[in-house]
Amino acid sequence: MSEIESILKEARSFAPSEEFRARAIVSTEEAAERSYRESIDDPEAFWGRVGRELPWLTPFERVLDWSAAPVARWFEGGRLNASAVCLDRHLETERRDKVAIRWEGEPGDERSFTYAEAQAEVCRFANALLARGVAKGDRVAIYMPMIPELAFALLACARIGAIHSVVFGGFSAQSLRDRIEDGGCTAVITADGGWRRGKVLPLKDVVDKATAGIASVHTVMVVRRTENEVAWTAGRDVWYHDAVADASPELAPEPMESEDTLFLLYTSGSTGKPKGIRHTTAGYLVGTYLTTKTIFDLKEDDVYWCTADIGWVTGHSYIVYGPLACGATVVMYEGAPDQPHPGRFWELVQKHRISVLYTAPTAIRAFMRWGDEHVTKFDLSSLRLLGTVGEPINPEAWMWYRRTIGGERCPIVDTWWQTETGAIMLSPLPGVTSTPPGCATRPFFGVDALVVDEEGNELGPNQGGFLAIRKPWPSMLRGIWGDDQRFVDTYWSKFPGMYFPGDGARRDEHGNFWIMGRVDDVLNVSGHRLSTMEIESALVSHPAVVEAAVVARPDDLTGEAICAFVTIGSGQKPSPELIEALKGHVSTEIGKLARPSDIRFAEGLPKTRSGKIMRRLLRDIAARREIADDTSTLEDLGVIARLRDESS
Ligand code: WT7
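Residues numbered from 1 in each chain as written. Predicted model: local features only at pLDDT ≥ 70, side-chain atom pairs only at ≥ 80, totals over all residues. Heavy atoms only, no water.

**Notes on the overall build of the chain**
Consideration 1: A count of helices and strands for the chain gives 20 helices and 30 strands.
Consideration 2: Compactness check: the chain gives a C-alpha radius of gyration of 24 Å against a globular reference of 26 Å for 648 residues, within 12% of the reference.
Consideration 3: Expressed as lengths along the three principal axes of its C-alpha atoms, the size of the chain is roughly 70 × 55 × 50 Å.
Consideration 4: A buried classification covers 62% of the 648 residues belonging to the chain.
Consideration 5: Considering only contacts in the chain between residues 6 or more positions apart, those separated by 24 or more positions represent 71%.
Consideration 6: Accessible surface, the chain as shown: approximately 23400 Å² in total, 49% of it carbon and sulfur.
Consideration 7: Counting 73 positive and 92 negative side-chain charges, the chain places the centres of these two groups 1 Å from one another. (Helix = DSSP H or I, 4+ residues; strand = E, 2+ residues; numbered from the N terminus. Rg over C-alpha atoms; globule rule 2.2 N^0.38 Å. Buried < 20%, exposed > 50% of the residue type's maximum accessible area, 1.4 Å probe, protein only. Contact = heavy atoms within 4.5 Å. Areas by Shrake-Rupley, 256 points an atom, 1.4 Å probe, with all protein chains shown as cover. Lys, Arg positive; Asp, Glu negative; His and termini not counted. Charge placed at Lys NZ, Arg CZ, Asp CG, Glu CD.)

Set out below in structure tokens:
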């Protein structure tokens, strides 16, 4: 069996309005096609031109060197600094006094920084790090809430050439410790705490546990945020506010080589210890800059909000580096979407007149569940473009997003990419692409994507298989920190000469790519390989269902049986009739083969704080096994206990 059977049928498709198209940065199919062709046929000409849009301290000599594949070298001979690309370049223009970051805390406090102010903050921060002995090439762990100083911390590291390693503020002390040790970090930047659902997350306490006994950490810099009491290690710990008080607001940016490491960001695979994904300076900036500009179609007067946390790659690329390189006004919000009420996001959109919104399918499904009344009481007319990222979006959630949030007028860009890819790889171009609900559509410029079978042979239209990428692209990872062999084994060995992202996909007769989820999540029922995501989408298209997760459990007869965990709408009640109705619905939507054996109602599904359903955990519950998974990033720990009770 070399193919994954594709069963989802979608006939709807939505083109951008004439009004949107006319103003878009890429506004005709011909222009899009011409750029794409050039980017594939002559990548050096294409990327060389884009590269020259960035401000260089020394111009690059060569666009691409692929001779040491799979480690690419982009823009060699050039020197630049990421903080200067994001900040200094705007200071000689009218953007100097434009708002760069408009921030709102969970309790409702607000701060905003112009580009000139942000640059001064970053220079002070960088000077304070230098004064503490942080040097070029050192690794700095960052464990912070979503406050402006988090964005400044990344840029301050970049300014002096230190390598940042951001660890999401929801990770446990052990996870933080593992990452500090693996990266050999010598300094940690944190805060006393952060606000989450009205409570203080005691971040400094976690850092103290994580760093206990690690002699290499000579500095812990602490931003005051929540004013909770914290323990203090004299000599090592320093208050950020004291450290920057006398620091100069000026500092020349360190000239970095194009291939110098900009940051590490850890990502967990299905097995083994987390991988420190290594991104370098120039290629990463070129990739995030161009994708932000063209996919979010950024205009000078846009107010742009990406709701991710900077602790994930989405926040690195599409809160900090991409949008600031473009000179955008970026909204940043500290807290939870339902704090103090389930309409908080929409209140923020109304208040800040947000025009471009980028969020995750898991959030969209939560809003659907909470009810339209929390949305419709706010004025969302400022929105003109919507985006999603993180997992496949079910067509019904996509339709809801389009209708209820986008007022049927905003194009939606469903963007597929990974921590490893650094920037968006598949996405509609909002002024051009006709988009079927739930489809990431087409490869971005320079992305040579295809769908292959188990042997690496390209598959035809509508045949499900493995997504693969043939050519190097500027923002690609350059390796795994400290483990070059694992980099080759994980991404470059399944199909020789091709990058393997680990996702299933099919390409339809129009050339659109449909992502079918992680290949580790594929089911095998009576010898048919089915994508969990397609069965989930069928369940969610039933009016009673708001969210579903499908996993396999061992079955004597069929090899694997389909077990569906289902969350239903607030007006619905679990019943044997509803179970039968849902099984029947899947049968009619996609066929008998996909009919679930078990349907279990769940109040909530176990998810990581980044919104990914923890399927391994559900597989354990479905098979009534002990839970072997690390649950330290689980959003709501109680959810496991409740699922267990319901399934026993
Ligand atoms: C995996 C990467 C990229 C930023 C956030 C996640 C899944 C991501 C989509 C999408 C279908 C998607 C893939 C991918 N994924 N975006 N638009 N449609 N699946 O980064 O944690 O590195 O996860 O997320 O499975 O491989 P990440």
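Further notes follow.
**Examining the site of the ligand**
Consideration 1: Lining the immediate surroundings of the ligand are 16 residues, of which Asp 414, Thr 415, Thr 419, Asp 503 and Arg 518 lie closest.
Consideration 2: The separation between a nitrogen atom of the ligand and a polar main-chain atom of Gly 390 is 3.1 Å.
Consideration 3: Asp 503 places a side-chain nitrogen or oxygen 2.9 Å from an oxygen atom of the ligand.
Consideration 4: Protein contacts shield 89% of the accessible area of the ligand, which totals 560 Å² for the unbound molecule. (Near = heavy atom within 4 Å. Polar contact = N/O pair within 3.5 Å; in protein donor to acceptor, adjacent residues only side chain to side chain.)

**As for the pattern of salt bridges**
Should their charged atoms come close, side chains of opposite charge can pair.
Consideration 1: Tallied over the entire structure, the rule returns 47 salt bridges.
Consideration 2: Asp 448 is paired through a salt bridge with Lys 471; the nearest N and O atoms lie 3.6 Å apart. Of this pair, Asp 448 sits in the loop between strand S20 (412–414) and strand S21 (449–452) while Lys 471 sits in the loop between strand S22 (465–469) and strand S23 (479–480); the two residues are 23 residues apart in sequence, bridging distant segments of the chain.
Consideration 3: Residue classification places Asp 448 among the buried residues on the basis of a relative accessible area of 10%. (Salt bridge = Lys/Arg side-chain N within 4 Å of Asp/Glu carboxyl O.)

**So, the nonpolar core**
Consideration 1: Counting residues in each nonpolar core, the largest one holds 141 residues, and the members touching the most others are Ile 142, Phe 296 and Tyr 321.
Consideration 2: With 10 residues, helix H6 (residues 148–160) is the single largest residue contributor to this core.
Consideration 3: No fewer than three residues from each of domain 1 (18–81 + 259–514) and domain 2 (89–254) sit in this core.
Consideration 4: In this structure, Tyr 321 is in contact with Ala 82, Cys 86, Leu 154, Leu 155, Ala 158, His 164, Leu 262, Tyr 284, Leu 285, Thr 288 and His 316, ignoring residues within four places of it in sequence. (Core = buried A, V, L, I, M, F, W, Y, C linked by side-chain atoms within 4.5 Å. Domains from an automatic or database assignment.)

**Focus on the packing of H6 against helix H11 (residues 313–325)**
Consideration 1: One way to put it is that H6 packs onto H11 with a least axis distance of 11 Å and a crossing angle of 60°. As far as their axial angle goes, H11 and H6 are oblique. By crossing handedness, the relation of H6 to H11 is classed as right-handed. Mapping the contact onto sequence places Ala 151, Leu 154, Leu 155 and Ala 158 in H6 and His 316, Val 320, Tyr 321 and Leu 324 in H11.
Consideration 2: Residues of the contact of H6 with H11, tallied by class, amount to seven nonpolar, one polar and no charged. (Axes fitted to C-alpha atoms, helices over the stretch in contact; angles between N-to-C directions. Parallel < 35°, antiparallel > 145°, perpendicular 65-115°, else oblique. Left-handed = near helix turned anticlockwise from the far one by under 90°. Nonpolar A, V, L, I, M, F, W, Y, C, P; charged D, E, K, R; others polar.)

**So, the domain arrangement of the chain**
Consideration 1: Domain boundaries in the chain define domain 1 (18–81 + 259–514), domain 2 (89–254) and domain 3 (522–647).
Consideration 2: Taking only C-alpha atoms, the centre of domain 2 and the centre of domain 3 are 40 Å apart.

**Structural notes on the sheet that holds strand S12 (residues 237–239)**
Consideration 1: Strand order in the open sheet formed by eight strands is S12-S11-S8-S6-S7-S14-S15-S23, with mixed pairing between adjacent strands. The open sheet has two free edges, formed respectively by S12 and S23, since each of these has just one partner strand.
Consideration 2: Where strand S8 (residues 187–191) and strand S11 (residues 219–223) come together, five bridges link them in parallel fashion. Bridging from a neighbouring strand, Ala 191 pairs with Val 223 of S11.
Consideration 3: Helix H8 (residues 203–211) rests against strand S6 (139–143), S8, S11 and S12 of the sheet, and its axis sits at about 155° to S8. (Pairing = 2+ DSSP bridges.)

**Examining the packing of aromatic side chains**
Consideration 1: One pass over the full model with this rule turns up 38 aromatic pairs.
Consideration 2: Each ring, one from Phe 125 and one from Tyr 240, has its centre 4.7 Å from the other, and the planes form 55°; the classification is tilted. With Phe 125 in helix H5 (residues 115–131) and Tyr 240 in helix H9 (residues 240–245), this pair connects stretches of sequence that are 115 residues apart. (Phe/Tyr/Trp six-rings, centres within 6.5 Å; stacked < 30°, edge-to-face > 60°.)

**Examining H6**
Consideration 1: End to end, H6 covers 19 Å across 13 residues, agreeing with the expected 18 Å (1.5 Å per residue, within 8%).
Consideration 2: At the C-terminal side of H6, Gly 161 shows a positive phi close to 80°. (Expected span 1.5 Å × (residues − 1).)

**Things to note about the packing of helix H4 (residues 82–91) against H5**
Consideration 1: Viewed as axis vectors pointing N to C, H4 and H5 meet at an angle of 130°, and their least axial separation amounts to 9 Å. As the angle between them shows, H4 and H5 are arranged oblique. Crossing of H4 over H5 shows left-handed handedness. Facing H4, whose interface residues are Cys 86, Leu 87, Asp 88, His 90 and Leu 91, H5 presents Tyr 115, Ala 116, Ala 118, Gln 119 and Val 122.
Consideration 2: Across the contact of H4 with H5, the residue classes tally to seven nonpolar, two polar and one charged.

**Some remarks on the sheet that holds strand S19 (residues 385–388)**
Each strand in a sheet pairs with another by means of backbone hydrogen bonds, the pair being arranged parallel or else antiparallel.
Consideration 1: Overall, mixed pairing links the seven strands, which are arranged S5-S4-S17-S16-S18-S19-S20 in an open sheet. Because the sheet does not close on itself, it has two edges, and the strands there are strand S5 (110–114) and S20. Put simply, the sheet's adjacent strands are angled 15° from each other on average, direction ignored.
Consideration 2: Sheet topology places strand S16 (residues 303–306) next to strand S18 (residues 356–359); three bridges connect them, and they run parallel. Looking at the pairing, Tyr 304 lines up with Val 356 of S18.
Consideration 3: Contacts between helix H12 (residues 344–352) and the sheet are confined to strand S4 (99–104), S5, S16, strand S17 (329–333) and S18, with S4 contributing the most and set at about 140° to the helix.
Consideration 4: Lying over the sheet, helix H15 (residues 395–405) contacts S18, S19 and S20, oriented at roughly 155° with respect to S19.

**Topic: helix H10 (residues 282–295)**
Consideration 1: Taking 1.5 Å as the rise per residue, H10 with 14 residues should run 20 Å; its terminal C-alpha atoms sit 20 Å apart, in good agreement.
Consideration 2: For H10, the buried fraction is high: 13 of the 14 residues fall into the buried class.
Consideration 3: Positive phi appears at Asp 297, one or two residues downstream of H10, with a value of about 50°.

**A few points about the environment of Leu 530**
Consideration 1: With respect to the element layout, Leu 530 can be found in strand S27 (residues 528–530).
Consideration 2: Here the alpha-carbon distance between Leu 530 and Glu 5, two residues 525 residues apart in the chain, equals 5.5 Å.

**Description of the pairing of S5**
Consecutive side chains of a regular strand alternate in pointing toward one face of the sheet and then the other.
Consideration 1: Pairing of S4 with S5, which is carried by five bridges, proceeds in the antiparallel orientation. Directly across from Val 99, in S5, lies its bridge partner Thr 114.
Consideration 2: Linking two consecutive strands that pair antiparallel, namely S4 and S5, is a turn of five residues; a positive phi of about 105° is found at Gly 108 within it.

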